[in-house]
Amino acid sequence: MPRNMTKAAIAEAFRRWHAANPEPTTELEYGSPFQLLVAVVLSAQATDKGVNIATRKLFPAAPTPEAMASLGEAGIAEYIKTIGLYRTKAKNVAMLCRQLLERHGGEVPDDRESLEALPGVGRKTANVVLNTIFRQPTMAVDTHIFRVSNRMGLAPGKDVVAVEKALLRRVPKEYLLDAHHWLILHGRYVCVARSPKCAGCLVYDLCEASDKTV
DNA sequence: ATCCCGAGGG
DNA sequence: CCCTCTGGAT
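None of the values given here were measured: they were computed from a predicted structure.

Analysis parameters
- Residues numbered from 1 in each chain as written.
- Chains lettered and ligands numbered in written order.
- Predicted model: local features only at pLDDT ≥ 70, side-chain atom pairs only at ≥ 80, totals over all residues.
- Heavy atoms only, no water.
- Core = buried A, V, L, I, M, F, W, Y, C linked by side-chain atoms within 4.5 Å.
- Buried < 20%, exposed > 50% of the residue type's maximum accessible area, 1.4 Å probe, protein only.
- Helix = DSSP H or I, 4+ residues; strand = E, 2+ residues; numbered from the N terminus.
- Contact = heavy atoms within 4.5 Å.
- Near = heavy atom within 4 Å.
- Polar contact = N/O pair within 3.5 Å; in protein donor to acceptor, adjacent residues only side chain to side chain.
- Nonpolar A, V, L, I, M, F, W, Y, C, P; charged D, E, K, R; others polar.
- Domains from an automatic or database assignment.
- Buried area = accessible area lost by both parts, 1.4 Å probe.
- Salt bridge = Lys/Arg side-chain N within 4 Å of Asp/Glu carboxyl O.

> Any chance you could explain the nonpolar core here in plain terms?
Most often, soluble globular proteins keep nonpolar side chains buried together rather than apart. Counting 34 residues, the largest nonpolar core has Leu37, Leu42, Met68, Ile80, Val93, Leu115 and Val121 as its most contacted members. Going through the elements one at a time, helix H2 (33-42), helix H3 (48-61), helix H4 (65-80), helix H5 (86-104) and helix H7 (123-132) are the ones with two or more residues in this core. Broken down by element, the residue count for this core peaks at eight residues, all from H2. Filtering out sequence-adjacent residues up to four positions away, Leu37 remains in contact with Leu96, Leu100, Val108, Leu118, Val121, Thr125 and Val129. Ala13, Ala166, Trp182 and Val203 belong to the second-largest nonpolar core, a separate cluster that totals 29 residues.

> Where do I start with the protein's contact with DNA strand B in this structure?
Around DNA strand B, the neighbouring residues are Lys81, Thr82, Ile83, Gly84, Leu85, Tyr86, Arg87 and Arg194. In the model, a sugar or linking oxygen of DNA strand B is placed 2.6 Å from a nitrogen or oxygen of the Leu85 main chain. One nitrogen or oxygen atom from the side chain of Arg194 is found 3.2 Å from a base nitrogen belonging to DNA strand B. Considering only residue class, the surface near DNA strand B consists of three nonpolar, two polar and three charged.

> Got a minute to help me understand the protein's contact with DNA strand C in this structure?
Taken together, 26 residues form the shell around DNA strand C, and within it Asp48, Thr125, Thr143, His144 and Arg147 come nearest. Near the protein, meaning within 4 Å, the atoms of DNA strand C are sugar or phosphate in a fraction of 65%, with bases accounting for the rest. Measuring from a sugar or linking oxygen of DNA strand C, one finds a backbone N or O atom of Ala46 at 3.5 Å. Secondary-structure elements contributing two or more residues to the surface near DNA strand C are H7, helix H8 (143-152) and helix H10 (176-189). Among the elements that line the surface near DNA strand C, the one with the most residues is H7, at four residues.

> Would you mind going over the domain arrangement of chain A with me for this structure?
Looking at the assigned domains, one finds that chain A contains domain 1 (7-25 + 138-206) and domain 2 (33-132). A separation of 26 Å is found between the C-alpha centroids of domain 1 and domain 2. Between domain 1 and domain 2, the buried area comes to about 810 Å², and carbon and sulfur atoms account for 47% of it. Sorting the residues of domain 1 by area buried against domain 2 places Thr138, Ala140 and Glu164 first, and these three jointly supply 49% of that buried surface. In this assembly, domain 1 and domain 2 are joined by two salt bridges. For the salt bridge of Asp48 with Arg188, the shortest nitrogen-to-oxygen distance reads 3.1 Å. Scanning the region where domain 1 abuts domain 2 turns up five residue pairs in polar contact (both at pLDDT 80 or more). Secondary-structure elements contributing two or more residues to the side of domain 1 that touches domain 2 are helix H9 (160-170) and H10. In terms of residue count, H10 provides more of the side of domain 1 that touches domain 2 than any other element does, four residues in total.

Written out as structure tokens, the structure reads:
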């Protein structure tokens, strides 16, 4: 069980992440809000790198909800077979495209209700879309952010919703819009699940983890 | 709580 | 081999 980081330590951590990377963005590749939405749905329990490899062919072949809907479930599956959970994802994306066309004029809705009503879209995906496309101060708690928040003592919680609320409470307002991306990148490249790379961690001295490796 | 499920790393 | 990767639906 990690101790909680102090308010001052948290502020200093975000100052450093900001200084090192002033405008962090997702590593998912996309050319429109629709494509970001699909990419995030595909990224469940999969790496961004793997998703990008698939979408580099999928998106040119079907750039819009109309085109992707007409590809159909089986057509979509052909492009994403290299991604885990691909059958479920192909089904969800095909249905998601139809719903976008029928209920939202082919546009990505900008409210949580409508987003979470889409197949394959839950709280985490809705939060990513609201933050990345519509620049709302949401915190999407994925596997990385859940781990990092608990391990560092940044915003501990027993489930993802608890961690989300803790982050919204504890992250300084001026960093809230970009905090999501800094935490993801930190979790992906430094504070990794197995044997975290504490040597060379930007916030090592601020971290309350009980299992630091240096 | 369980299922879905391929690729890459250690 | 086992673990992990920007989860969601049942």
